[in-house]
Amino acid sequence: MANLEDALGEIDVLASAEAIYTSPTKSVLDDKISEHFAGAVVRKDLVKSVRGNAVVPSYVLEYLLGQYAASDDEATIQAGIESVRQILAAHYVNRNQHMFVKSEIRRKGRHRVIDKVTVTLNEKNDVHEAEFENLQVKGVIIDDVTVKQNPKLLVGGVWCICDIEYFHSDDQRVVPWILGSLKPIQVAGVDIDHYYEARKVFTTKEWIDLLMQSIGLNPEQFNERGKLIALTRLVPFVERNYNVVELGPKGTGKSHTFSEFSPNGILISGGEVTTAKLFVNNASGRIGLVGYWDCVAFDEFAANRRTDQNLVNVMKNYLANKSFSRGTSIYGAEASMAFIGNTTHTVPYMLKNSDLFDELPDAYRDPAWLDRIHHYIPGWEVAPIRSEMFSTGYGFVVDYLAEILRAKRVEDYADKYEEHFTLDTSISTRDQDGIRKTFSGLMKLVHPTGEASKEEIRALLEFAIEGRKRVKDSILRIDATMRENPVNFRYSDHAGTWTDVVSLEENQYPHLYKRDWGTQPAGSIAEESSGQTRPSITGDRELTSVGEPRTTHTEAPLIEGHRDFKPGQKGVSYESLILPYIRGASTVTITDPYIRMPYQGRNLADLLSLLAAAKDDADEIDVTLVTSEETRVEYKQSQLLMLKAIKDASDVVGVQLKVRFDDTIHDRRIEASNGWRIDLGKGLDIWQRPSDNPFDFGRNRQEFRLIASAFSVHYVRVDAQGEV
């Protein structure tokens, strides 16, 4: 019995989108970008065109495209694409073809390769030695001058264009590979004054859209807040010693910016880092990643349950003081840190049962460590990445923008808001530091000259305050001692008008977010902040997500037995047919062999949405769908992508869907942990197919649909062992 994840692993999720790809239409903004940044921009969809099977970061491909296809002339672009393809075919080293490339170097005596190069110091022989990742060659002597000019070779490695020579020696101790030349893949330099002048030509909205396209995202698919969230991921590259956390569902592109965007950042697995690798190696005295990279990002940080307490302590000091001590020495560094992780629970679930740092390893849920975080990016607000969310417009060659951002790191825009606004005096120095650094970074990105209107500054300031407030409010849930000094996250203008800043989840779930700390023991989470309890969904009244009462229907007593339905009958819906019998269940298993076509998937989504609407916001329900896999190859991929889309939609609202495939099933039933089993004669597919009329009421209300053919439904009460 296979599951959905295994089946999806056999296909390319974006293959269908690529199959129908056509050359994009150039927008007015694209024309403006090409006019003012000629030679520094590239069409972002070209990366996909040239990547092929080359497993390299986007900035490597864009570096090559910037050399050959940085134009708005279609003929030049196509010629450039072909040139880049030829370069990759001739010089990029595929890991599974490393022996062929070695043979070519031996045959020709000298060959150029594109590969990731890492350098180590051989203390025994007092020489630096290079290792080529895909070529699988190591021990290649590299001169000290090259290493000094490119220190990142020593930590994490750098993608380079290299000339490799071959000279065989009878001395088996001598490596036959000789490094003829090495050129890191990066731009030579940028004209920041031209960057400033060209920025003045763009409106703020146009400039934000340009930045969105530069990181590969289609701005038309994002609202203003979504764009701001995406751009906040760039702040670690433009702001020194900036600490940010982003936790959210899988597949939202959290790590994409840190792995693909910049040669000045490095993405590492949270479980692979050590104190020596990150800070300094006591044995060799060599400084670690923080000494060479602008941003060190930790991927899958929440999944790392094995933690080194010494690493946590050293990191805690570095996050606060920009320095760390190892042995008898104290070191300083400027690297920002980004901590990225997946959440397995919904926001209301975390708010009810713990806090927004619930997924972090226990060692990192230390309030003192968390208090060093400047901003919390709400990853749950980001939609799962879809093919249409990728940009096809023009954006900066990422290496060009990366160098601009690096140059801006020395500047400080933290006080730019003070001309118009003042923070509340109850906001502590550390809270202010987080707010000011986020604001400074966003200003450098959106308003690089430091000039902005009052309302533009207000928008960035409020977003910066919200991100720090999200950190602080979670800390208050964890540490009772920090509740003694209440903080008002607000600001005033010079007219004395105060504005309170609240997070989106605070507005959406006030009954879960707000806490009356005086009515509960320290360290516990109260049920409600105002003493009101949230009624059960089986009651007559309950609170909506914004705290307003709403009326619910009182369910009739549930009885065992069967109901018969006739063809052409109306007035039948899952809400009356199924929901009363599965309401309140924590687990539900749906067995239906035919969830293959779009309208069948729509039926499943309708049922799951009813479950989501009926449950408490803070509860979660585990739903397992047991169905059969489409046998026709031409429809199989569509079925898998449909089920994945349904799963993505249901997971974010607290209905955790798992899909298993079983080609032997025939029965159609629903089994719930509340003790009921529903035997469905026709499964979920009971209605005639929807009409082509987009305004047909039956598309949105099941009661207006016609029953397709006669069927019966049996309701059976079962015990805990599943017996009648």
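First, a word on scope: everything that follows refers to the structure included in this document. Just so it is clear, the model here is predicted, and its values are computed rather than measured. (Residues numbered from 1 in each chain as written. Predicted model: local features only at pLDDT ≥ 70, side-chain atom pairs only at ≥ 80, totals over all residues. Heavy atoms only, no water.)

Thoughts on the overall build of the protein
Scanning the protein from terminus to terminus reveals 26 helices and 27 strands. Looking at the protein residue by residue over its 724 residues, the buried ones come to 52%. On the protein, roughly 33200 Å² of surface is accessible, and the fraction owed to carbon and sulfur atoms is 49%. (Helix = DSSP H or I, 4+ residues; strand = E, 2+ residues; numbered from the N terminus. Buried < 20%, exposed > 50% of the residue type's maximum accessible area, 1.4 Å probe, protein only. Areas by Shrake-Rupley, 256 points an atom, 1.4 Å probe, with all protein chains shown as cover.)

Quick notes on empty space enclosed by the protein
Tallied over the entire structure, the rule returns 1 cavity of 30 Å³ or more. By residue number, the principal contributor to the lining of the largest cavity is helix α20 (residues 454-478), which donates 3 residues. A breakdown of the residues in the lining of the largest cavity according to their chemical character gives 3 nonpolar, 1 polar and 3 charged. (1 Å grid on protein atoms, 1.4 Å probe; cavity = no way out; pocket = protein on both sides within 12 Å on 5 of 7 lines; lining within 4 Å. Points joined across faces, edges and corners; volume = space filled by probe spheres on them. Nonpolar A, V, L, I, M, F, W, Y, C, P; charged D, E, K, R; others polar.)

A short note on the pairing of strand β17 (residues 490-493)
Of the pairings in the sheet, the one linking strand β16 (residues 421-423) to β17 comprises 3 bridges and is antiparallel in character. Across the sheet, residue Leu 423 finds its bridge partner in β17, namely Tyr 491. Relative to strand β18 (residues 498-500), β17 runs antiparallel, the two being bridged by 3 bridges. Among the inter-strand pairings, Tyr 491 is bridged to a residue of β18, identified as Thr 499. (Pairing = 2+ DSSP bridges.)

Let's talk about the packing of aromatic side chains
Counting across every chain of the model gives 33 aromatic pairs. Summarising the aromatic geometry, the rings of Phe 565 and Phe 711 are spaced 4.9 Å apart at their centres and angled 15° between planes, so their arrangement reads as stacked. Residue Phe 565 is found in strand β21 (residues 561-565), and its partner Phe 711 is found in strand β27 (residues 711-717); the two are separated by 146 residues along the sequence. These aromatic residues form a ring-pair network of at least three members: Phe 37, Tyr 195, Tyr 196, Phe 202, Trp 207, Phe 396 and Tyr 400. Between Lys 416 and the ring centre of Tyr 413, over which it is positioned, the NZ or CZ distance is 5.3 Å. Here Arg 705 stacks its cationic end above the ring of Trp 687, 5.0 Å away from the centre of that ring. (Phe/Tyr/Trp six-rings, centres within 6.5 Å; stacked < 30°, edge-to-face > 60°. Lys NZ or Arg CZ within 6 Å of the ring centre and 35° of its normal.)

Quick word on the sheet that holds β17
If you walk across this open sheet you meet the 3 strands as β16-β17-β18, and the pairing is antiparallel. Both edges of this open sheet fall to β16 and β18, since each of them pairs with a single strand only. Sheet twist, expressed as the average angle between the axes of neighbouring strands with direction ignored, equals 30°. (Axes fitted to C-alpha atoms, helices over the stretch in contact; angles between N-to-C directions.)

Notes on the side chain of Lys 316
Within the element layout of this structure, Lys 316 appears in helix α15 (residues 309-321). In terms of polar contacts, Lys 316 uses its side chain to reach the side chain of Asp 366, at 2.6 Å. Contact partners of Lys 316, with chain neighbours within four places excluded, come to Asp 366, Ala 368, Trp 369 and Arg 372. (Polar contact = N/O pair within 3.5 Å; in protein donor to acceptor, adjacent residues only side chain to side chain. Contact = heavy atoms within 4.5 Å.)

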